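In case you want the letters, here they are:
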Amino acid sequence: MKTNRSILRLWLLGCLPFSIAASDVYAWQPPGGRGPGRGMPRDENRQKPAPTEEEKKQSTAPKPEPQWLAIVGGDIHTVSREVIRRGTILIEDGKIKAIGKDIEIPDKAKRIDATGKWITPGFIALNMSSVGVAGGGDGKLSDEFNPFDRNIQFSLSVGITSGAVQVRAGGPGRGRRGAEAVPAMVRPNDEFYEVTERFPGFDPDASELENSAPELERRAFGELVQLCPCCSLPILPTEPITPTPPSPIVPQKSSVIKMSFGQLEGMLVKEVAFLDLTPGALTGASNQLAWRDQIQKAKQYLKDQAAHEQATREGKKENPPRKPVSDEIISLVKKEIALRIPASRVSEMRELTQLSRELDYRMVIKGGLEGWVIPKDLAEANVGLTITPRVRREPRFGEEDRSGSWIELPRVLESSGIPFAVEPLEGAVSMVGLAGRDLMSLPLEAAFAVRGGASEAKALASITLVPATMLGLGDRIGSLDVGRDADLLILNGNPLDYRTYVETAIVNGRPRYQRDQDFVLPVYDRK
Amino acid sequence: MKRPFSPFKSAWLLLPVISFFAESSLLGKETIAIRNATIHTLTAPAPLENATVLIEDGKIKEVGKEVAIPIDAKLLDGTNKHVTPGFVSVFYPLTLQRESTSEETRTVVVGGRTFTLGGRAPSTRGPLQKVSELVREDAIDWRPLLRSGITTAHVVAPGYAYTAVVAPANFSEENPSQLKVVKKDGFLAATITNNERSLDLLRTSLRPASSSRGSRGPAGTGGPTAPSGSSNQSGASSSQTGGPTPPPELSEEQKLWAEVREGTKPLVINCNNAATILHVESILKEFPKVKVHWIVNGSDVYSARSSIRKENSTVLLSPRIDLIPNSRLRINVPALAASEKIPFAISLGQRPTDLSDSQVSPTFAMSILIKTGLTEYDALSAVTAVPAKLLGMEKSLGSIAPGLQADLLLFDGPPFDVATEIETLLLEGKVVYEN
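Residues numbered from 1 in each chain as written. Chains lettered and ligands numbered in written order. Predicted model: local features only at pLDDT ≥ 70, side-chain atom pairs only at ≥ 80, totals over all residues. Heavy atoms only, no water.

S.K.: I'd like a rundown of the overall build of chain A, residues and numbers included.
M.R.: Counting its secondary structure elements, chain A contains 16 helices and 23 strands. In chain A, which comprises 527 residues, the share counted as buried stands at 47%. Surface exposure of chain A reaches about 26600 Å², of which carbon and sulfur atoms provide 53%. (Helix = DSSP H or I, 4+ residues; strand = E, 2+ residues; numbered from the N terminus. Buried < 20%, exposed > 50% of the residue type's maximum accessible area, 1.4 Å probe, protein only. Areas by Shrake-Rupley, 256 points an atom, 1.4 Å probe, with all protein chains shown as cover.)

Here it is, written out as structure tokens:
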């Protein structure tokens with residue numbers, strides 16, 4: 001026993017230097033980790049939580065003192081206006097209070113020195129998945145947020161401060177989700193709906209085999225056997241074929257979520273980002289007919305509802321009008337959200353733009369590879385494009401001059417005044433596979449738009465203000481201006497340069513990512 | 001003053017002593033005194049050196065430096081030894097025997113439509129499992145627990161349960177797993193994650209019963225069944241005018257939740273990630289009185305610590321050094337909690353590996369926490385006095401003071417030296433374990 005103990009003591013003594021820090025230092029640092037005096041002062045929220053407690057008390061107090069943060073000395077790329085050299089941004093309670101050159105900073109404001117740094121709005125990704133949301137989208141979305149998701153930090157590390165996160169994958173429903181999704185209201189790309197609408201007499205529940213009476217029958221081994229009407233051979237009994245209705249197709253759903261790492265409040269910006277349709281959902285005469293019908297119904301519903309509200313205000317008692325279409329279509333007609341549909345061929349895009357002009361809704365075409373062929377049509381219809389400049393497609397045979405992808409698509413779009421947003425090749429954060437395909441290459445994807453002839457300002461707008469406008473949130477995010485949300489980045493250079501790192505990402509007025517402390521990207525200074 | 005030795009007289013003198021001995025042995029009264037020991041009373045920050053603790057009838061009778069030891073007391077020499085209260089496992093997970101409830105669902109297709117039959121609706125929760133009713137009498141093998149110094153366990157069943165405090169009963173090597181429920185009425189405990197289903201358990205249960213009664217329909221009172229907006233006013237006016245509405249019939253479960261809502265009893269929340277802490281705290285903004293005992297990972301506490309309301313929360317940590325999430329940095333979360341004044345307790349026995357037979361030193365894990373910044377007093381009270389207070393049993397457990405139950409550990413050295421062992425363990429004044 002004695003020897004055992006002494007061995008244990010010795011072993012522990014040996015272990016202590018490795019596992020144990022000084023008595024009042026709680027975090028043990030590996031050699032070469034973070035050094036003292038590197039980078040900027042740490043965000044108050046993560047280093048010492050005491051101020052947040054005070055802040056909570058202040059918020060309950062009758063006259064709360066606002067939280068100020070001042071970013072001083074950086075070159076401010078506002079996107080919506082001109083660049084302010086060596087300017088100051090004053091943030092009050094998560095919103096931009098003042099922006100410009102000579103701004104009085106309250107004494108109590110925290111200061112971040114950004115001399116020599118770039119300041120841009122936070123980037124917005126239109127196509128994200130598996131970032132910040134834990135579950136499968138079965139329940140209430142805001143209950144499934146995970147503000148401590150590592151992917152949020154990854155997104156912040158490249159500057160993405162908000163985005164349309166896919167919270168429900170599209171496709172046919174399965175299991176409980178499918179059962180729940182049996183549409184009380186028909187959806188535009190619901191095959192089942194289309195079949196019954198197009199053929200009113202068709203009842204998919206009834207078996208056609210049962211209805212057709214057998215013309216000939218004979219007894220074989222005491223059993224009734226049907227005979228083939230043409231060759232009189234017996235038809236062997238098989239399992240009855242019943243046409244099962246196709247499972248309802250659940251449209252993909254994405255929500256606008258802010259990457260406020262570590263904070264739940266303010267994370268959900270908009271529950272529905274787009275009305276997403278599958279490629280080809282609006283091609284073909286019958287599909288378009290059904291779509292027109294849906295839009296008309298939605299418009300009629302809005303009118304009926306306005307009349308109903310008027311009537312109730314006057315004191316009449318009426319039943320409210322029944323919703324004929326899904327909520328998404330109604331908010332599309334209200335122009336609260338835009339329609340997003342993938343299309344790349346000229347003919348498809350022409351049809352879509354005609355429909356959108358005729359039915360009057362906002363539309364975003366995803367892909368749009370051949371957009372350089374018809375810039376006029378696109379500009380007149382006032383549609384937006386989300387492009388991925390690195391995607392290539394071979395032209396069709398015989399149409400080499402007016403099909404396929406062209407690297408100068410961004411230049412053509414810019415010169416025609418068509419707003420375009422840039423998306424990376426993949427919407428997820430991926431640590432495997434090909435580097436540069438995933439969400440973490442968003443600013444570099446925008447740099448490829450510059451390679452294709454777009455100006456740097458437009459390329460920066462294509463990942464900030466343009467996507468914000470497509471989401472209908474242009475008055476909140478995507479640019480730096482008084483009254484906007486304080487979502488901004490402090491970068492050590494041009495965001496479109498591969499050498500540039502995001503030093504600090506500020507979401508809702510609080511630093512949520514700091515390069516020198518969050519161990520996402522390498523920490524060193526370039527010479 | 002010398003007198004001749006008189007055997008008669010001395011015999012007379014001895015007689016009452018003998019009779020007392022006989023009586024006490026018949027009634028099971030046993031007096032034990034631990035002498036010359038360093039006693040960690042936990043009623044004061046510093047331990048008592050060279051002190052004596054006197055145990056009579058299963059309870060501590062006296063503790064101090066000058067304690068008169070009765071002549072019949074059984075003596076335990078405590079020279080160079082340390083006495084601490086028995087440890088309280090503030091979270092001891094135990095799966096109960098479930099009643100056979102049919103939770104399986106069947107899927108039936110009728111006319112091309114899919115129906116799900118049986119089972120529970122997806123939004124409802126399981127039945128409340130009462131530990132005091134469902135726990136088997138031999139559910140816990142006490143030997144590894146006692147080896148680790150745990151003399152009392154707060155049993156929390158997984159899922160949704162009403163906890164209870166148990167202790168060994170009639171412990172001996174032949175009867176190692178008998179338990180008795182020391183405290184039947186524990187706390188409501190729920191496992192909660194960040195999804196709608198489990199957060200709704202909190203939301204619906206915490207809401208006052210009157211509003212849920214209104215929404216469910218059967219309003220037994222004769223009062224007007226007005227919509228919720230005007231119900232408050234009408235209810236108030238009817239009570240003022242003298243039509244006393246009978247108080248709504250609360251189910252037992254609703255009463256328990258009402259206690260939680262009023263803050264008279266805490267809610268034990270077992271949450272498996274840091275996000276859940278934020279979700280729960282944002283729900284609890286509506287219910288500021290609710291007290292919560294968090295069963296959490298240290299690293300989750302580290303992430304979400306700025307969101308934990310310090311005044312109404314206690315974190316139940318496991319005794320280990322954690323990693324700061326997504327990094328290689330190590331963090332002593334109990335020491336951090338102590339310095340940031342987040343109330344905490346250390347839950348021993350949470351994992352079976354903590355109790356494994358090979359564990360030579362029961363306080364090994366704790367001693368690492370002490371070496372990296374936790375004070376010895378904080379550490380010891382985090383496994384004794386603090387849990388006893390959390391469980392509302394500070395009058396019988398958790399410290400060494402007259403009148404308290406004599407669950408004592410006698411260590412053969414400083415209790416948090418890495419090579420110290422438990423030499424003797426007393427359960428209610430009886431020596432049940434000797435190394």
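Once the structure has been displayed, the description carries forward.
S.K.: How would you summarise the overall build of chain B if you had to cite specific residues and measurements?
M.R.: Helix and strand counts for chain B come out as 13 helices and 23 strands. Out of the 435 residues belonging to chain B, those deemed buried represent 48%. In chain B, of all internal contacts separated by at least 6 residues, the share reaching a separation of at least 24 is 66%. In the form shown here, chain B has an accessible surface area of approximately 21200 Å², with 53% of it arising from carbon and sulfur atoms. (Contact = heavy atoms within 4.5 Å.)

S.K.: Break down empty space enclosed by the protein for me, with residues and values.
M.R.: Residue and element names in this part refer to chain A. Following the criterion strictly, the structure yields 10 cavities of 30 Å³ or more and no others. Volume-wise, the largest cavity comes out at about 80 Å³. Along the walls of the largest cavity sit Gly367, Leu369, Ile387, Thr388, Pro389, Val391, Arg392, Ser405, Trp406, Ile407, Leu409 and Pro410, which together make up its complete lining. Taken together, the residues of the lining of the largest cavity break down into 8 nonpolar, 3 polar and 1 charged. (1 Å grid on protein atoms, 1.4 Å probe; cavity = no way out; pocket = protein on both sides within 12 Å on 5 of 7 lines; lining within 4 Å. Points joined across faces, edges and corners; volume = space filled by probe spheres on them. Nonpolar A, V, L, I, M, F, W, Y, C, P; charged D, E, K, R; others polar.)

S.K.: Residue-level account of the confidence of the model for chain B, with values.
M.R.: Residue and element names in this part refer to chain B. Averaged over all residues, the pLDDT of chain B equals 80, while 76% of them reach at least 70. This model gives residues 14-27 a pLDDT under 50, and the stretch forms 4 contacts once residues within four places in sequence are excluded. Low pLDDT (under 50) marks residues 120-124, which in the prediction has 8 contacts with non-local residues, meaning those over four places away or in another chain. (pLDDT = per-residue confidence, 0-100.)

S.K.: Could you give an account of the nonpolar core, naming the residues involved and the relevant values?
M.R.: If you look at the biggest cluster of nonpolar residues, it comprises 158 residues, and the most contacted ones within it are Trp291(A), Leu339(A), Tyr361(A) and Trp294(B). Of all the elements, helix H8 (residues 274-284) of chain B adds the most residues to this core, at 7 residues. Looking at which domains feed residues into this core, each of domain 1 (27-86 + 398-435) and domain 2 (87-208 + 251-396) of chain B supplies at least three. Setting aside chain neighbours within four positions, we find Leu339(A) in contact with Leu275(A), Leu277(A), Leu282(A), Trp291(A), Leu332(A), Tyr361(A), Arg362(A), Met363(A) and Val364(A). (Core = buried A, V, L, I, M, F, W, Y, C linked by side-chain atoms within 4.5 Å. Domains from an automatic or database assignment.)

S.K.: I'd love a proper account of the sheet that holds strand S16 (residues 292-295) of chain B, names of residues and values included.
M.R.: Residue and element names in this part refer to chain B. One open sheet accounts for 7 strands, arranged S9-S11-S14-S15-S16-S17-S20; its pairing is mixed. Each edge of the open sheet carries a strand with a single partner, namely strand S9 (129-130) and strand S20 (344-346). Sheet topology note: the strand S17 (residues 313-317)/S20 ladder contains 3 bridges and is parallel. In the sheet register, Leu316 faces S20, and the bridge partner there is Ala345. (Pairing = 2+ DSSP bridges.)

S.K.: Describe helix H12 (residues 409-416) of chain A, with residues and values.
M.R.: A turn of α-helix holds 3.6 residues, and therefore any two residues three or four places apart point the same way. All names here are of chain A. For H12, the set of buried residues is Leu409, Pro410, Val412 and Leu413. Across the axial projection of H12, the buried residues extend over an arc of 165°, all falling on one side. The inward-facing, buried residues of H12 abut helix H11 (375-381), strand S19 (384-387), strand S20 (420-422) and helix H13 (442-451). A positive backbone phi angle near 75° is found at Gly417, which sits one or two residues after H12. (Arc of directions from axis to C-beta.)

S.K.: I'd love a proper account of the sheet that holds strand S12 (residues 164-168) of chain B, names of residues and values included.
M.R.: Residues and elements named next belong to chain B. Taken in spatial order, the 4 strands of this open sheet run S6-S10-S12-S13, and their pairing is mixed. A single partner strand is all that each edge strand has here, and the edge strands are strand S6 (87-93) and strand S13 (179-183). When strand polarity is set aside, the average angle formed by the axes of neighbouring strands in this sheet is 35°. Sheet topology places S6 next to strand S10 (residues 150-156); 5 bridges connect them, and they run parallel. What sits directly across from Tyr92, in S10, is Val155. (Axes fitted to C-alpha atoms, helices over the stretch in contact; angles between N-to-C directions.)

S.K.: I'd like to hear about the environment of Thr43(B), residue by residue, with values.
M.R.: Residue and element names in this part refer to chain B. As for its position among the elements, Thr43 is in the loop between strand S1 (31-39) and strand S2 (48-56). Between the alpha carbons of Thr43 and Ile400 there is a distance of 7.2 Å; along the sequence they are 357 residues apart. Discounting residues that sit within four places of it in the chain, Thr43 has contacts with Ser399, Ile400 and Ala401.

S.K.: So what's going on with the pattern of salt bridges? Residues and values would help.
M.R.: Residues and elements named next belong to chain B. Applying the stated criterion across every chain, the model contains 39 salt bridges over all chains. Residue Glu340 pairs with Arg305 through a salt bridge whose shortest N-O separation is 3.2 Å. Here Arg305 lies in the loop between helix H9 (298-304) and S17 and Glu340 lies in the loop between helix H10 (333-339) and S20, a separation of 35 residues in the sequence. Overall, Glu340 belongs to the buried group, its relative accessible area being 16%. Judged by relative accessible area, Arg305 falls into the buried class, the value being 7%. (Salt bridge = Lys/Arg side-chain N within 4 Å of Asp/Glu carboxyl O.)

S.K.: Can you explain the confidence of the model for chain A? Please cite residues and give values.
M.R.: Residues and elements named next belong to chain A. In this model, chain A carries an average pLDDT of 80, and 74% of its residues clear a pLDDT of 70 or more. In this model, residues 12-59 is a region of pLDDT below 50 whose contacts with residues beyond four sequence positions or in other chains number 82 contacts. Contacts of residues 173-217 to residues separated by more than four positions or lying in other chains number 72 contacts, the stretch itself having pLDDT below 50.

S.K.: Give a detailed account of the pairing of S2(B), specifying residues and quantitative values.
M.R.: Residues and elements named next belong to chain B. Where S1 lies against S2, 6 bridges are found, and the strand directions are antiparallel. Note on S2: the bridge partner recorded for Ala33 is Leu54. In terms of strand pairing, S2 meets strand S3 (residues 59-64) through 5 bridges, oriented antiparallel. By the bridge assignment for S3, Val53 is matched with Val63. Once S2 ends, the chain turns through 2 residues before running back antiparallel as S3, passing Asp57 with a positive phi of about 60°.

S.K.: Go over the packing of aromatic side chains, please, and point to the residues and values.
M.R.: Going through the model one piece at a time under the given rule, you end up with 5 aromatic pairs over all chains. Residues Trp372(A) and Trp406(A) carry aromatic rings whose centres are separated by 5.4 Å and whose planes lie at 65° to one another, so their mutual orientation is edge-to-face. With Trp372(A) in the loop between strand S18 (363-367) and H11 and Trp406(A) in the loop between S19 and H12, the pair connects residues that are 34 residues apart, well separated along the chain. Assessed through its relative accessible area of 15%, Trp372(A) is described here as buried. Note on Tyr160(B) and Trp257(B): the rings are 6.3 Å apart at their centroids and 25° apart in plane angle, and the pair reads as stacked. Here the residue Tyr160(B) occupies a position in strand S11 (residues 160-162), and Trp257(B) occupies one in helix H7 (residues 252-262), the gap between them amounting to 97 residues. There is no split in this pair, since Tyr160(B) and Trp257(B) are both buried. Over the face of the ring belonging to Tyr302(B) we find Arg305(B), whose NZ or CZ atom lies 4.6 Å from the ring centre. (Phe/Tyr/Trp six-rings, centres within 6.5 Å; stacked < 30°, edge-to-face > 60°. Lys NZ or Arg CZ within 6 Å of the ring centre and 35° of its normal.)

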